[in-house]
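# A closer look at the structure
Now for the letters of each chain:
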Amino acid sequence: MIRFILSDLRRLWAGSLVVVLLVALATALGVCVVLQERALRLGSARAADKFDLVIGAGGSETQLVLSSIFLQPSPLPLMPGEVLGKLAADPRVDWAAPIGFGDSFSGYPIIGTTIMLTQNLSGLAEGKIFAREGEAVIGAAVKLSLGGEIKPMHGSLEEGGETHTELVYHIAGRLRPTGTAWDRAILVPIQAVWHIHGLEAEEHEEDSGHEHEAASGTDSVEHGHEHEKAGADHDGHGHHGKADPDAALDETLTAGAPGLPAILVKPKTIADAYKLRQEYRSGNTVAVFPGEVLTNLYATLGDAKQILVAVASGAQALVAASLVLVTVIHIGQRRRQIGALRAFGAPRGAIFGIVWLEFFFLVAVGIALGFALGYVAALILSGMFSQTSGVAMPVVFTREDAGLAAVLLAFAAILAALPAVLAYRQSPAQALRA
């Protein structure tokens, strides 16, 4: 029987190839959707695991996490610098690191922060941590060399950003890979960011009412007028200030710090984390656990997944209907062959087995090929997303996928029974007269 089936498939190789490809493409669509959605969940969850608590000004919690954890460019409302000083002095806090963003270089975001955060991200792969205003540390995926120059640009090149001339950073070190968006970031002293934007702690203390709205280090449009006013006192160049690349860093976090878009906090204990979250969710600040925000995003993502899976299932149903139609026509064309087999003494069960095995084999091969194609497609898509975002997207199979394969094979077994039954019921006399 097996030899007969293989001989039949070789003789009808063109039609067999079409069946396999149709099944493979329909299966690959569904598999790719499932794998890509899972990769996005795992990648974003692992990226958020590195940060325990994020504190920002009142506003969108989702945007706060996207901007501070995944470094998606967006203007954030600013909170007073006194929040940073309060957190730095809090005995429940292991460390608190301010971040300021808005500048970029060669498509990489420039993030102003402190030595503490730089040390706790992943550790150095080469070089050293910045120790002066004119030094920078780059992420593992930044394609620049140690000692290279970085000329910060306000905004991005696509937005027609303006290059800052007050300071040129020199790359002092490179971080180990983290699998997060920070692999594509350029980390510089927050002190330097404040200075090149014309912001200083002493001035903030004298006029906190205006400065804390203009002093995020983001140099965004929202605080443009106040920022220009502060910068004009320095060098007459609008919102630009002065910076000394050889100036030593003073990371004493006091209440006189300029306004900040976000602060990354490492509590000492889980209990402290919940207490801090509760305490800073009142007034003008909001505190969030990144994982909680991602859970809400996953709910939305789950709805999108259901829609895509429904589309994939519809495509698979159409392919199944097409295969049934093609197979019925094919059985009709093979009536003489089936009649001859019956005339030579082949039992009905053998005819049923031959037709069923042929069709099931083709569909099973198509399903296996579809899983492979879906996996490759998900790898390509994840690679493209990782390259642009820096977030590692692991594409992995789970037991859930084995269940999906089992369901598809069971459906194929049922589908293959239809042409087999048609062949089984054919009369040898009628088939030979056809």
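What counts, and where the lines are drawn
Residues numbered from 1 in each chain as written. Predicted model: local features only at pLDDT ≥ 70, side-chain atom pairs only at ≥ 80, totals over all residues. Heavy atoms only, no water. UniProt positions renumbered as here; feature names shortened; annotations may be inferred. Buried < 20%, exposed > 50% of the residue type's maximum accessible area, 1.4 Å probe, protein only. Helix = DSSP H or I, 4+ residues; strand = E, 2+ residues; numbered from the N terminus. Polar contact = N/O pair within 3.5 Å; in protein donor to acceptor, adjacent residues only side chain to side chain. Patch = residues over 30% accessible without salt bridge, like charges linked within 9 Å, V, L, I, M, F, W, Y side chains within 5 Å. Areas by Shrake-Rupley, 256 points an atom, 1.4 Å probe, with all protein chains shown as cover. Salt bridge = Lys/Arg side-chain N within 4 Å of Asp/Glu carboxyl O. Phe/Tyr/Trp six-rings, centres within 6.5 Å; stacked < 30°, edge-to-face > 60°. Pairing = 2+ DSSP bridges.

The name recorded for the protein chain in an unreviewed UniProt entry is ABC transporter permease, from Rhizobium leguminosarum. UniProt, in its Subcellular location (unreviewed entry) section for the protein chain, records the words "Cell membrane".

### A few points about helix H3 (residues 61-68)
Among all positions of H3, only Leu 64, Val 65, Ser 67 and Ser 68 are buried. Where H3 begins, one side-chain oxygen reaches toward the backbone nitrogen of Thr 62, 3.4 Å away; that side chain belongs to Ser 60.

### Some thoughts on a nonpolar patch on the surface
On the surface, Leu 17, Leu 21, Leu 25, Leu 369 and Leu 373 cluster together into a nonpolar patch covering about 430 Å² of accessible area. With three residues, helix H2 (residues 13-49) is the single largest residue contributor to the nonpolar patch.

### Some words on the packing of aromatic side chains
What the rule picks out here adds up to four aromatic pairs. One aromatic cluster is present, formed by Phe 371, Tyr 375 and Phe 397 through successive ring pairs.

### Considering the pairing of strand E1 (residues 53-57)
Within E1, five of the five residues are buried, which leaves the element mostly enclosed by the surrounding structure. As defined by bridge partners, E1 adjoins strand E11 (residues 262-267) across four bridges and the pair is classed as antiparallel. Note on E11: the bridge partner recorded for Ile 55 is Ile 263. Judged from the four bridges that link them, E1 and strand E12 (residues 285-288) form a sheet pairing that is antiparallel. Within E12, the position partnered with Val 54 by the bridge is Val 288.

### Some thoughts on the pattern of salt bridges
In the structure shown here, the tally under the stated rule is eleven salt bridges. Taking the shortest distance from any N to any O, the salt bridge between Glu 37 and Arg 41 comes out at 2.1 Å. Of this pair, Glu 37 and Arg 41 are both found in helix H2, four residues apart, which corresponds to roughly one turn of the helix. Judged by its relative accessible area of 9%, Glu 37 falls in the buried class. When the shortest N-O distance is used, the salt bridge between Glu 279 and Lys 86 registers 3.6 Å. Within this pair, whereas Glu 279 is found in helix H10 (residues 270-279), its partner Lys 86 is found in helix H4 (residues 82-88), the two being separated by 193 residues in sequence. On the basis of relative accessibility, which here comes to 47%, the residue Lys 86 falls in the partly exposed class. Salt bridges sharing partners connect three or more residues here, namely Lys 86, Asp 90, Arg 92 and Glu 279.

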